[in-house]
Amino acid sequence: ARLLDAGRPRVLAYTFIALAIAVTLDWMTGVHASMAPLYILPMMLGAVVLRRYETAALAVCCALLRAFFDVPGPRPDLVLRFVFATAAYFVSGLFVTALSKNQQLTMAHMNELRGEQARRREAEEQLELLVESSPAAILILDRSGIVQMANEAAASLLALPGRQSVVGKPISPFLPLFA
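So, a few notes on the structure that sits alongside this text. (Residues numbered from 1 in each chain as written. Predicted model: local features only at pLDDT ≥ 70, side-chain atom pairs only at ≥ 80, totals over all residues. Heavy atoms only, no water.)

**Remarks on the pattern of salt bridges**
One pass over the full model with this rule turns up 2 salt bridges. With a shortest N-O distance of 3.1 Å, Arg8 and Glu54 are connected by a salt bridge. Pair noted here: Arg8 is in helix α2 (residues 8–29) and Glu54 is in helix α4 (residues 52–68), with a separation of 46 residues, a long-range link. We classify Arg8 as partly exposed; its relative accessible area is 31%. For Glu54, a relative accessible area of 17% gives the class buried. Among the salt bridges present, the one from Arg51 reaches Glu54, with a minimum N-O distance of 2.9 Å. Here the salt bridges do not stand alone but share partners, grouping Arg8, Arg51 and Glu54 into one network. (Salt bridge = Lys/Arg side-chain N within 4 Å of Asp/Glu carboxyl O. Helix = DSSP H or I, 4+ residues; strand = E, 2+ residues; numbered from the N terminus. Buried < 20%, exposed > 50% of the residue type's maximum accessible area, 1.4 Å probe, protein only.)

In structure tokens:
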């Protein structure tokens, strides 16, 4: 989430730093060992903010850099390695792009739900204030006939002794008609 909030310029800076580190390590090992897996990190970082064609261009760039320091071999093998590396880098970038888009959609949905919950809470508070301040007897029941809210006028109408409350109790003993 912090990477998504960092902004495109900062993420691209991290991407090019990671790419420079991968190239440096690949250069330091020379043709004695392949450092191809190191190029996945810049791909995954960049894919967070890049469009598809930009991700494809970065995949080709990483595959070219990897090929420059690749272990020697016959030309057909080198071409095949380049093609597979490009495909692997591009697919990993697309995977990260899909993950980041899903993360953004999930966060937007969560924010929407939080807003709805806040609006519902506010409406419930207003309803409670309206019920409490009304001179008319008001009982609010759930589907199973349990009293969820009742005002003072309802308590006096039901002739409840003392400060006894009907909230949380079934309505049927008080008003059998509503059972």
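**Comments concerning the environment of Thr29**
Mapped onto the elements of the fold, Thr29 is located in helix α2. Considering only alpha carbons, one finds Thr29 and Ser92, 63 residues apart in sequence, at a separation of 24 Å.

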